[in-house]
Amino acid sequence: MQDSAVKTPVLKLEGLRRSFRQGGREIVVLRGAQAELYPGQAVALVGPSGSGKSTLLHIAGLLETPDDGHVWLNGRDCARMDDDARTAVRRAEMGFVYQFHQLLPEFSALENVVIPQLILGKSKKDAGVRARDLLSSLGLADRLDHRPAELSGGEQQRTAICRALANRPSLILADEPTGNLDPKTSEHVFHELIELFRSQGVAALIATHNMELASRMDRVLRLDGGVLVEITPAAVR
């Protein structure tokens, strides 16, 4: 883990508030949530179902606008950028990993990792080199030409992780990234995911219900009553 005392936070969430109307009733999800994430840190986001973890991830990922508060990414307040600017920030500086891999079914593993780079303007040659390096680092060198349906669940999720890292983001947001895998595969993929994030120097915020996996991350944030409370990893075991 990097020394946060001498680093600028990659992500700073400041005073986030979010509520929804349901049947004439206001449901408050976030009540001034705030946190800072630093380069090379893997941070678990825990809390019961319905506590607002997905809403928090959507706001941090500039997919949703808070009612109040700020989302600072590498020193820029991005929460209220226009749609085009938010999309540009997501493509260049963020990577997303979901519970279900969401790979493009008609393309190979290699192509799924190449395409995000082409969208950002990288040459096909350079994109291919980067994709091969990432996929090979997760043991997929012999699966490059396989489409998602030809890959195992673990291989699909490894490919999705490589896709998230393809454009060298500074921030990864993951929502139950191993939740759709059997326990043994989940263990392997989780270990590879954390080590790869650390080696790439990215900050990662990972929502999970798996307390054993959360306990092995650098930090743990619990969403409790709409605010983020930091707890020690050992406390969630």
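Everything discussed here concerns the structure shown above.
Each chain has its residues counted from 1, following the order in which its sequence is written. For this predicted model, a pLDDT threshold of at least 70 governs which residues receive local features, and a threshold of 80 or more governs which side-chain atom pairs are given and counted, while totals over whole chains, interfaces and linings are taken from all residues. The side-chain figures draw on all heavy atoms in the structure; neither hydrogens nor water molecules are used.

Give me the lowdown on the overall build of the protein chain, citing residues and values where you can.
Helix and strand assignments come from DSSP, with helices taken as H or I runs of at least 4 residues and strands as E runs of at least 2, each series counted from the N terminus. A tally of regular secondary structure across the protein chain gives seven helices and 10 strands. By the compact-globule yardstick of 18 Å for 237 residues, the protein chain fits well, its C-alpha radius of gyration being 18 Å. Principal-axis analysis of the C-alpha atoms gives the protein chain an extent of 50 × 45 × 40 Å. Using a 1.4 Å probe on the protein chains alone, a residue whose accessible area is under 20% of its type maximum counts as buried, one over 50% counts as exposed, and one in between counts as partly exposed. By residue count, 51% of the 237 residues in the protein chain fall in the buried class. Working rule for contacts: check all heavy atoms of both residues, and any pair within 4.5 Å makes them a contact. Look at the contacts in the protein chain between residues 6 or more apart in sequence, and 67% of them connect residues 24 or more apart. In this description, accessible areas are obtained by the Shrake-Rupley approach with a 1.4 Å probe, and a residue is regarded as covered only by the protein chains that are shown. Here the protein chain has roughly 11,200 Å² of accessible surface; of this, 48% comes from carbon and sulfur atoms. If you average the places of the 29 positive and of the 30 negative side-chain charges in the protein chain, the two averages end up 1 Å apart. The globule rule is 2.2 Å times the number of residues to the power 0.38, and the radius of gyration it is compared with is taken over C-alpha atoms. His residues and chain termini do not enter the charge count, which takes Lys and Arg as positive and Asp and Glu as negative. A charge is said to be at NZ when it belongs to Lys, at CZ for Arg, at CG for Asp and at CD for Glu.

Which residues make up the side chain of E93, and what values do they have?
As for its placement among the helices and strands, E93 is situated in helix α2 (residues 83-93). For E93, the contacting residues outside a window of four places in its chain are L73, N74, R76, P169, S170 and L171.

So what's going on with the sheet that holds strand β10 (residues 227-231)? Which residues, and what values?
Paired strands are those between which DSSP finds at least two bridges. Strand order in the open sheet made by the six strands is β6-β7-β8-β3-β9-β10, with mixed pairing throughout. Edge positions in the sheet fall to β6 (94-97) and β10, since each has one partner strand and no second. Neighbour-to-neighbour, the strand axes of the sheet open up by a mean angle of 20°, direction not taken into account. As judged from the five bridges shared by strand β7 (residues 171-175) and strand β8 (residues 203-207), these two strands associate in the parallel manner. When the sheet's bridge partners are listed, I172 is paired in β8 with A204. Along the sheet face, α2 touches β6 and β7 and points at about 75° away from the line of β6. To get an axis, a line is fitted to the C-alpha atoms, and for a helix only the part in contact is used. The angle between two axes follows their N-to-C directions and goes from 0 to 180 degrees. The strands touched by helix α6 (residues 183-200) within the sheet are β3 (42-46), β7 and β8, with β8 carrying the most contacts at an inclination of about 155°.

Hey, could you go over the sheet that holds strand β5 (residues 76-77) for me, with residue numbers and the actual values?
Read from one edge of the open sheet, four strands run β2-β1-β4-β5, paired in antiparallel fashion. In this open sheet, the two strands that pair with only one neighbour each are β2 (25-37) and β5. The strands touched by helix α1 (residues 53-60) are β1 (11-22), β2 and β4 (68-73); relative to β1, the strand with the most contacts, the crossing angle is about 125°.

So what's going on with the pattern of salt bridges? Which residues, and what values?
Each salt bridge in this description consists of a side-chain nitrogen of Lys or Arg and a carboxyl oxygen of Asp or Glu lying within 4 Å of one another. Enumeration over the complete set of coordinates arrives at 12 salt bridges. Among the ionic pairs, E93 bridges to R76, the shortest N-O distance being 2.1 Å. Taken together, the residues E93 in helix α2 and R76 in strand β5 connect sequence positions 17 residues apart. On the basis of relative accessibility, which here comes to 18%, the residue E93 falls in the buried class. For R76, a relative accessible area of 35% translates into the label partly exposed. The salt bridge partner of E230 is R219, with a shortest N-O separation of 2.8 Å. Here the residue E230 occupies a position in strand β10, and R219 occupies one in strand β9 (residues 219-224), the gap between them amounting to 11 residues.

I'd love a proper account of the pairing of β9, names of residues and values included.
The two faces of the sheet receive side chains in turn, since in a regular strand these alternate between them. As defined by bridge partners, β3 adjoins β9 across four bridges and the pair is classed as parallel. Residue pairing for β9: V43 is matched across the bridge by R219. The pairing of β9 with β10 spans five bridges and is antiparallel. What sits directly across from D224, in β10, is V227. Linking two consecutive strands that pair antiparallel, namely β9 and β10, is a turn of two residues; a positive phi of about 65° is found at G225 within it.

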